[in-house]
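Now for the letters of each chain:
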Amino acid sequence: LMAMTTLHLKGMHCTSCEGLLTDILSDYGATRIHADFKKNLVSFEGKVPLDKVKAEITKEGYQVLKVEGA
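Predicted, not measured: the structure shown is a model, and the values here were computed from it. (Residues numbered from 1 in each chain as written. Predicted model: local features only at pLDDT ≥ 70, side-chain atom pairs only at ≥ 80, totals over all residues. Heavy atoms only, no water.)

S.K.: Explain the pairing of strand E1 (residues 4-10) to me, please; I cannot follow it from the model alone.
M.R.: Taken residue by residue, a regular strand's side chains alternate between the two faces of the sheet. Across five bridges, the pairing between E1 and strand E3 (residues 41-45) is antiparallel. Directly across from His 8, in E3, lies its bridge partner Leu 41. (Pairing = 2+ DSSP bridges. Helix = DSSP H or I, 4+ residues; strand = E, 2+ residues; numbered from the N terminus.)

What follows is the structure, given as structure tokens:
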């Protein structure tokens, strides 16, 4: 079983944010992605280069506050 990784973010406002973050993560090979703008978090499975993912998310204007389970 793959471990779940959860990113706690700042700056998610709507379902478009969820879609954008889902696209970024799937580009890096993440699976079972669940984004929730109300809770400001996105969780996923899979081995992804977290430094690259975080850089990409930050570039889009979000702030990564905490990473759980990585």
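S.K.: Can you help me understand the environment of Gly 61 in this one?
M.R.: Within the fold, Gly 61 resides in the loop between helix H2 (50-59) and strand E4 (63-68). Spatially, the C-alpha atom of Gly 61 lies 9.0 Å from that of Lys 10, the residues being 51 residues apart in sequence.

S.K.: Teacher, can you tell me more about the nonpolar core here?
M.R.: Across soluble globular proteins, nonpolar side chains show a tendency to be buried alongside one another. Leu 7, Leu 9, Met 12 and Ile 57 are the most contacted members of the largest nonpolar core, which totals 15 residues. Looking at this core, the elements with two or more residues in it are E1, helix H1 (15-27), E3 and H2. Ranked by residues supplied to this core, first place goes to H1 with four residues. Excluding residues that lie within four positions of it along the chain, Met 12 makes contacts with Cys 17, Glu 18, Leu 21, Ala 35, Asp 36, Phe 37, Asn 40, Leu 41 and Tyr 62. (Core = buried A, V, L, I, M, F, W, Y, C linked by side-chain atoms within 4.5 Å. Buried < 20%, exposed > 50% of the residue type's maximum accessible area, 1.4 Å probe, protein only. Contact = heavy atoms within 4.5 Å.)

S.K.: How should I be thinking about the layout of surface pockets in this particular structure?
M.R.: The method is simple in principle: a probe with the dimensions of a water molecule rolls over the atoms, and the space it marks as empty is what remains. Roughly 160 Å³ of internal volume is contained in the largest pocket. If you trace the largest pocket, you find it lined by Met 2, Ala 3, Thr 5, Phe 44, Gly 46, Lys 47, Val 48, Leu 50, Gly 69 and Ala 70. (1 Å grid on protein atoms, 1.4 Å probe; cavity = no way out; pocket = protein on both sides within 12 Å on 5 of 7 lines; lining within 4 Å. Points joined across faces, edges and corners; volume = space filled by probe spheres on them.)

S.K.: Looking at this structure, I do not really get the state of the cysteines. What am I missing?
M.R.: The term disulfide refers to a covalent linkage connecting the sulfur atoms of a pair of cysteines. Per the counting criterion, the structure on display carries zero disulfides. Of all cysteine sulfurs in the structure, the one in Cys 17 sits closest to Cys 14, which takes part in no disulfide; the separation is 3.9 Å. Take Cys 14: its relative accessible area is 29%, and that puts it in the partly exposed class. For Cys 17, a relative accessible area of 8% translates into the label buried. (Disulfide = S-S within 2.5 Å.)

S.K.: Can you help me understand H1 in this one?
M.R.: Counting along an α-helix, one turn takes 3.6 residues, and residues three or four places apart therefore face a common direction. The end-to-end C-alpha distance of H1 is 18 Å, a good match for the 18 Å that 13 residues give at a rise of 1.5 Å each. Of the positions making up H1, those classed as buried are Cys 17, Glu 18, Leu 21, Ile 24 and Leu 25. Within H1, the buried residues cover an arc of 130 degrees as seen down the axis, which keeps them to one side. In this structure, H1 carries Thr 15, Ser 16 and Asp 27 as exposed residues pointing more than 90 degrees from its buried face. Lining the buried residues of H1 we find E1, strand E2 (31-36), E3 and H2. Residue Gly 29 follows H1 closely and has a positive phi angle near 90 degrees. (Expected span 1.5 Å × (residues − 1). Arc of directions from axis to C-beta.)

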